[in-house]
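Topology and contacts: notes
Listed below are the residues making up each chain.
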2 protein chains.
Amino acid sequence: MNIILLSGGSGKRLWPLSNDIRSKQFIKIFKGENGEYESMVQRVYRQIQNVVPEASVTIATSRSQVSAIRNQLGEKVHICVEPCRRDTFPAIALAAAYLRDVKGALQEEPAVVCPVDPYVDQVYFQAAARLCTLIKPGETNLALIGIEPTYPSEKYGYIMPGTQEPVSVVKAFKEKPDQKTAEQYIREGALWNGGVFAFQLGYILEKTRELTGFSTYEDLLANYESLTKISFDYAVAEKEKQIQVLRYQGQWKDLGTWNTLTEAMDEQAVGKALYNETCENIHIVNELNVPIVCMGLKNTVVAASAEGILVSDKEQSSYIKPYVDQIHQQVMFAEKSWGSFQVMDVEETSMTIKITLNPGHGMNYHSHTYRDEVWTIVSGKGKTIVDGMEQPVQPGDVITIEAGCRHTILAETELKVVEVQLGREISVHDKKKYKLDS
Amino acid sequence: MNIILLSGGSGKRLWPLSNDIRSKQFIKIFKGENGEYESMVQRVYRQIQNVVPEASVTIATSRSQVSAIRNQLGEKVHICVEPCRRDTFPAIALAAAYLRDVKGALQEEPAVVCPVDPYVDQVYFQAAARLCTLIKPGETNLALIGIEPTYPSEKYGYIMPGTQEPVSVVKAFKEKPDQKTAEQYIREGALWNGGVFAFQLGYILEKTRELTGFSTYEDLLANYESLTKISFDYAVAEKEKQIQVLRYQGQWKDLGTWNTLTEAMDEQAVGKALYNETCENIHIVNELNVPIVCMGLKNTVVAASAEGILVSDKEQSSYIKPYVDQIHQQVMFAEKSWGSFQVMDVEETSMTIKITLNPGHGMNYHSHTYRDEVWTIVSGKGKTIVDGMEQPVQPGDVITIEAGCRHTILAETELKVVEVQLGREISVHDKKKYKLDS
C-alpha cells in the first residue's frame with residue numbers, strides 16, 4: 001500500500017515557530033512514545049508505522065521542505081518534490097506518476113492520500129488503510145474518510161452520505177458553509193471532508209491524462225508550472241459517481257492556529273519555563289536557551305524562538321497573520337539539507353551565525369563576492385576545502401576565508417562552527433556555487 | 001553643596017532587566033530630554049544638573065555598580081565604594097568621610113543624601129537643595145523631606161510634623177504601618193519619609209565617631225565590615241531633636257516593581273514590539289534584537305532581555321522574586337568598566353560571547369588555565385597584547401589565545417569582538433590577572 005502525505009506550504013499563523021521557511025508540521029511540541037518531543041510530521045509517520053508498517057510512504061512537498069523532512073524522518077520516506085505550488089490535484093498527480101515511473105509501482109496498486117498535519121488517534125490511519133480495501137475499479141473508483149462533525153464548523157467542506165452506514169455512497173459534496181448552513185448539514189447527517197482519499201494509481205493517472213494531457217512523471221515535472229491550480233476535490237472527487245465514504249468518529253484536529261495547537265499539547269510548557277499558580281489555561285513554547293517566567297496570565301499562549309516572541313490571548317492568536325506580516329527581518333533560524341544555522345548577532349558590517357552540520361554532510365562548495373568569513377570550529381570533526389586545499393579540522397581550529405575564495409566544510413561527526421561574516425553588503429544572495437572535483 | 005546619592009543593591013524584582021549584577025537604576029526605559037532613552041540614575045543626575053548645576057555629586061555604592069555608573073554618567077560624578085553592604089548609616093558615614101578626607105570638603109559644608117532611584121519632578125531636587133539652607137548647627141542639625149501621602153501606603157515610614165507649615169519641626173517618626181494605622185497617620189497630617197536628609201558633614205562625622213569609634217575615611221574603610229548594619233533613620237534621624245521637615249507635594253514614585261515602573265513609562269513599548277488594538281494597559285520592554293508581538297492582552301507587562309522573558313499580570317509582578325530566585329543560570333549580559341559583554345551561545349565545551357570595548361578602554365591583562373580563546377574583531381580599531389607582543393587590530397583580524405597565554409585588548413575606537421571560548425571547564429573564575437609593563 002502506498003501512502004501519499006501532502007505536506008503543505010509555510011505560513012506565519014504559528015509565528016514565531018513557523019515562518020517563511022519553517023512550516024508548522026516541523027515544530028517539535030508533542031510528546032512522543034519515547035518521551036522526546038516530536039513534530040506533527042514525525043507523529044503522523046510514527047502512527048502510520050505502528051498501524052501499517054508495510055506501507056510505502058511518499059511525501060509530496062516543495063523543495064524548501066526537503067531538508068526538514070530528511071532531518072526529521074531520515075531516508076525512510078520517499079519525497080516527491082513539486083517544482084512549484086499548484087494545489088492538491090497536480091501534487092497528487094505528480095506523486096502518483098512518481099510512484100509508478102520512478103519507484104516502479106504498478107497501475108493497480110492502491111494509494112491513499114492524506115494531509116501531513118492532522119492531529120489524530122492511530123485508529124485514523126487504520127481507517128485510512130481500510131479505504132484501500134474499498135476500492136474496486138468500475139464499482140468504487142474513489143473512497144474517502146468522512147469525519148463525524150463535533151460542531152458546525154465553517155472551516156471545512158462537508159460530505160452528504162447516502163446512508164447512515166459505516167460505509168456509504170456519497171450523495172453530494174458541499175463547500176465550506178456559513179454556520180447556519182453547517183448546522184443544517186449536520187442535521188441532515190453530513191460529515192467533514194478531511195481530505196483523505198484512496199484510489200488505484202492507474203485511476204488517477206488516467207484522470208491526469210484527461211485533465212492535463214500529460215501522464216508520465218517526466219512530462220508532468222517538465223510542464224508542472226503550466227498546470228492549472230485546482231484542488232483534488234474539484235478536479236476529481238466531486239465529479240466521480242463511483243465513490244464511497246467511510247465514517248470516522250475518533251480524534252481529529254486541525255492544528256492551524258496557536259489556539260488549536262495548544263489544545264493538543266500534552267504539557268503546559270515546552271522548553272525552559274516557570275509559571276505560578278495564578279496562571280490559568282496558559283501554554284508556553286520556548287525554543288530559546290533562557291527561561292520564560294509567567295505570572296497571573298489567563299488563556300494565554302507564549303511562544304519564543306530565535307525569530308521573536310509571541311504573547312497572545314488564545315482566541316486572538318487566530319488573527320496573528322497581518323501583524324507578523326509587518327515584520328521584515330532576515331530568517332534567524334533554518335534547517336538545511338546539511339544541518340541548520342542560527343543567527344546569533346547582527347551588526348552593521350558583520351553577522352555571526354552558528355552552523356551545525358549533520359554527520360556525513362557538507363555545505364555546497366561556494367564563494368562570496370562581498371564578504372570575508374572566519375570559521376571557528378567549536379565541536380566535532382571533519383574537513384574543510386578552501387580553494388581546492390583539503391584540511392582536517394577539529395575544535396579550536398580557525399579558518400579564514402577571504403571574499404572570492406571557494407570553500408566548504410564537510411562533517412565526519414556532528415560539527416559545530418561559529419561563523420563570523422564581515423563586509424558592508426552581507427546578503428544570502430551573495431553566493432556562487434561550484435562543483436567539487438572529488 | 002554636596003549631594004550624596006545612595007545607589008542600592010541589585011535585585012530581581014525587575015527581572016529579566018535587573019539581575020544579580022544589574023540593578024534597576026541602570027535600565028534605560030525613560031525618554032530623556034533629547035529623545036534618547038535614559039536610566040533612573042541618568043534621569044536623576046540630569047534633573048540635579050538642571051536644578052543645582054553647582055552641586056558636587058557623589059554616588060555611594062558597591063564595587064559591582066562602578067562600571068555601570070561610569071558607563072552611564074562618565075567621570076562627572078564621584079563614586080564612594082562601600083567594601084560591603086552595611087545599610088544606610090555606614091554608607092552615609094563613609095561618603096561624608098570620603099568627601100572631607102579624599103575630596104577636601106570642609107566640615108561646615110552642607111550635604112544632602114538622596115536615594116538614586118525616585119521617579120520625581122525636577123522640583124523635588126529644588127526641595128532637596130532647599131533643605132541645606134535650613135541647616136543651622138545647634139538649631140537645626142538635620143532637615144528632611146516629607147512627602148504628602150497620596151494613599152495609606154504600608155511600604156513607607158511616616159513623619160509626624162509639629163505644624164501644617166511648609167517647614168515644621170518633627171514631632172515623631174513612625175515605622176511602616178498597616179493600612180488602618182496609615183489611614184490614621186494621614187488623618188493626623190503625617191508625611192512619607194522619602195529618605196532625603198540634609199546635614200553638615202561635621203555633624204554626621206561626629207555622630208559616626210560616637211557610634212562606631214571611627215571618623216576618618218581610612219579607618220571607616222578599613223573597618224567597614226565590622227560596622228553594625230543600621231539605617232540612618234534608626235541611628236541618627238529618630239534620635240535628633242533639632243530636626244525640621246520640608247513638605248513636598250510634587251510627583252514622587254518609588255519604582256520598585258514592574259507594576260510601578262511601567263506606570264512611569266512614557267510609552268507603551270520600548271524596543272522592537274507590535275501590539276494590536278485588543279491590548280489594554282500593557283507595557284513591553286524588549287532589549288532583544290527580535291520583535292515581541294502582543295495580542296489581546298490586558299494589564300500585562302512583557303519584558304525580555306538576554307537573561308530571559310517575563311510575561312506577567314501587572315499586579316502579580318510584585319510577587320516575582322521567589323520565582324526568579326529558582327533560576328540558576330550564568331549571567332548572560334553585563335556592563336563592565338571597559339564596556340560590556342553578552343553571551344550568545346553556550347555549548348558543552350564552548351561558549352561564544354560578544355564583547356564591546358569602550359573607546360580608550362581595555363580588559364585586564366590576564367590568562368586562563370583551562371580554556372583557549374579565539375577573537376574575531378568585527379568592528380573598530382585597537383591593539384592586542386598577547387604574551388607581551390603588541391599588535392594593532394582591525395575588523396577581520398583573528399587572534400588565537402591558548403590556555404596559559406597572557407592577553408588583553410585595548411580599544412582606540414569602540415571595538416567589537418566575537419570571542420569563542422573552548423575547553424571542558426569554562427568558568428568566570430578561571431582567570432589570572434597580571435600587570436602590564438607599559
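Coordinates for the structure precede this section.
Here we summarise the structure given alongside this text. Because the structure is predicted, anything quoted here is derived from the model rather than measured. (Residues numbered from 1 in each chain as written. Chains lettered and ligands numbered in written order. Predicted model: local features only at pLDDT ≥ 70, side-chain atom pairs only at ≥ 80, totals over all residues. Heavy atoms only, no water.)

Looking now at the overall build of chain A. For chain A, the helix and strand inventory stands at 10 helices and 30 strands. For chain A, whose C-alpha radius of gyration is 24 Å, the value lies close to the compact-globule estimate of 22 Å for 438 residues. The buried share of chain A, taken over its 438 residues, is 56%. Long-range contacts, defined as pairs at least 24 residues apart, comprise 65% of the intrachain contacts of chain A with a sequence gap of at least 6. Taken as a whole, chain A presents about 19000 Å² of accessible surface, with 46% of it coming from carbon and sulfur. Treating the 46 positive side-chain charges of chain A as one cloud and the 56 negative ones as another, the clouds have centres 2 Å apart. (Helix = DSSP H or I, 4+ residues; strand = E, 2+ residues; numbered from the N terminus. Rg over C-alpha atoms; globule rule 2.2 N^0.38 Å. Buried < 20%, exposed > 50% of the residue type's maximum accessible area, 1.4 Å probe, protein only. Contact = heavy atoms within 4.5 Å. Areas by Shrake-Rupley, 256 points an atom, 1.4 Å probe, with all protein chains shown as cover. Lys, Arg positive; Asp, Glu negative; His and termini not counted. Charge placed at Lys NZ, Arg CZ, Asp CG, Glu CD.)

Residue and element names in this part refer to chain A. In spatial order, the strands read β20-β21-β22-β29-β24-β27; together these six strands make up an open sheet with antiparallel pairing. Because the sheet does not close on itself, it has two edges, and the strands there are β20 (333-336) and β27 (398-401). Between one strand and the next, the sheet's axes are offset by a mean angle of 20°, whatever the strand orientation. Where strand β24 (residues 372-379) meets strand β29 (residues 415-422), seven bridges bridge the pair, whose relative direction is antiparallel. By the bridge assignment, Val374 is partnered in β29 with Val420. (Pairing = 2+ DSSP bridges. Axes fitted to C-alpha atoms, helices over the stretch in contact; angles between N-to-C directions.)

Listed as interface residues are 54 residues of chain A and, on the opposing side, 54 residues of chain B. Taking both partners together, chain A and chain B bury about 4100 Å²; carbon and sulfur atoms supply 67% of that area. Contact with chain B buries area across many residues of chain A, yet Met295, Ile309 and Tyr323 of chain A alone supply 16% of it, more than any other trio. The tally of links from chain A across to chain B stands at six salt bridges. (Buried area = accessible area lost by both parts, 1.4 Å probe. Salt bridge = Lys/Arg side-chain N within 4 Å of Asp/Glu carboxyl O.)

So, on to unusual backbone geometry. Looking along the chain, the bond that leaves Trp15 of chain A and enters Pro16 of chain A is cis, with omega of 5°. Mapping Pro16 of chain A onto the fold places it in the loop between β1 (2-6) and β2 (30-31). The residue Asp87 of chain A is not glycine, and still its phi comes out positive at about 70°. For Asp87 of chain A, a relative accessible area of 40% puts it in the partly exposed group. One non-glycine residue, Asn299 of chain B, adopts positive backbone phi at about 50°. Its place among the elements puts Asn299 of chain B in strand β18 (residues 298-305). For Asn299 of chain B, a relative accessible area of 36% corresponds to the partly exposed category.

Turning our attention to the relation of the copies chain A and chain B. The pair of chain copies shares a relation made of a rotation about an axis and a shift along it. When chain A is brought onto chain B, the operation consists of a screw motion whose angular component is 179° and whose axial shift is 0.0 Å, with 0.2 Å RMSD remaining. In symmetry terms, the pair is related by a two-fold rotation axis. Ranked by how close their C-alpha atoms come to the rotation axis, the residues of chain A are headed by Met344 of chain A, at 3.0 Å. The fraction of interface residues of chain A whose copies in chain B are also interface residues reaches 100%, indicating that both copies meet through the same surface. (Least-squares fit on C-alpha atoms with pLDDT ≥ 70 in both.)

Our focus in this paragraph is helix α2 (residues 66-73) of chain A. All names here are of chain A. Most of α2 is tucked away, with six of its eight residues classed as buried. On its buried face, α2 is in contact with α1 (40-51), β4 (56-62), β5 (78-82) and β20. Positioned one or two residues after α2, Gly74 has a phi angle of 70°, which is positive.

With that settled, consider the pattern of salt bridges. Under the counting rule described, the total for this entry stands at 33 salt bridges over all chains. For Arg85 of chain A, the salt bridge is made with Glu82 of chain A, and the minimal N-O distance between the two is 3.5 Å. With a relative accessible area of 31%, Arg85 of chain A lands in the partly exposed category. Accessibility expressed as a relative area gives 5% for Glu82 of chain A, which makes it buried. Glu38 of chain B is paired through a salt bridge with Arg46 of chain B; the nearest N and O atoms lie 2.6 Å apart.

Turning our attention to the side chain of Thr58 of chain B. Inspection of the secondary structure puts Thr58 of chain B in strand β4 (residues 56-62). Among residues more than four places away in sequence, those in contact with Thr58 of chain B are Ile3, Ile4, Leu5, His78, Cys80, Tyr98 and Leu99 of chain B.

On to the pairing of strand β6 (residues 110-115) of chain B, then. All names here are of chain B. Both strand β1 (residues 2-6) and β6 contribute to a ladder of five bridges, which runs parallel. The residue of β6 that forms the bridge with Asn2 is Ala111. With four bridges connecting them, β6 and strand β11 (residues 191-200) associate as antiparallel partners. In the strand pairing of β11, Pro110 is matched with Gln200.

Residue and element names in this part refer to chain A. By secondary structure assignment, the location of Met1 is in the segment before β1. Along the chain, Met1 and Pro110 lie 109 residues apart, while their C-alpha atoms are 5.9 Å from each other. When neighbours within four sequence positions are excluded, Met1 is seen to be in contact with Val52, Ala55, Ser56, Pro110, Val112, Ala129 and Cys132.

Think of a pair of aromatic rings as described by two things: how far the centres are apart, and how the planes are tilted against each other in angle. Summed over all chains, the structure comprises 24 aromatic pairs over all chains. Plain terms: the ring middles of Tyr98 of chain A and Tyr217 of chain A are 5.6 Å apart, the flat faces sit at 65° to each other, and that makes the pair edge-to-face. You can see Tyr98 of chain A sitting in helix α3 (residues 88-101) and its partner Tyr217 of chain A sitting in helix α7 (residues 217-222), a full 119 residues away along the chain. The residues Tyr98 of chain A and Tyr217 of chain A share a single accessibility class, namely buried. With a centroid separation of 5.5 Å and an interplanar angle of 55°, the aromatic rings of Tyr158 of chain B and Tyr185 of chain B are classed as tilted. (Phe/Tyr/Trp six-rings, centres within 6.5 Å; stacked < 30°, edge-to-face > 60°.)

Strands sit in the order β14(A)-β16(A)-β18(A)-β19(A)-β17(B)-β15(B) across an open sheet of six strands; the sheet is mixed. Of all strands in the sheet, those bounded by a partner on one side alone are β14 (269-270) of chain A together with β15 (273-275) of chain B. Here β14 of chain A pairs with strand β16 (residues 283-286) of chain A via two bridges, running parallel. For Ala269 of chain A, the partnering residue across the bridge sits in β16 of chain A and is Ile284 of chain A.

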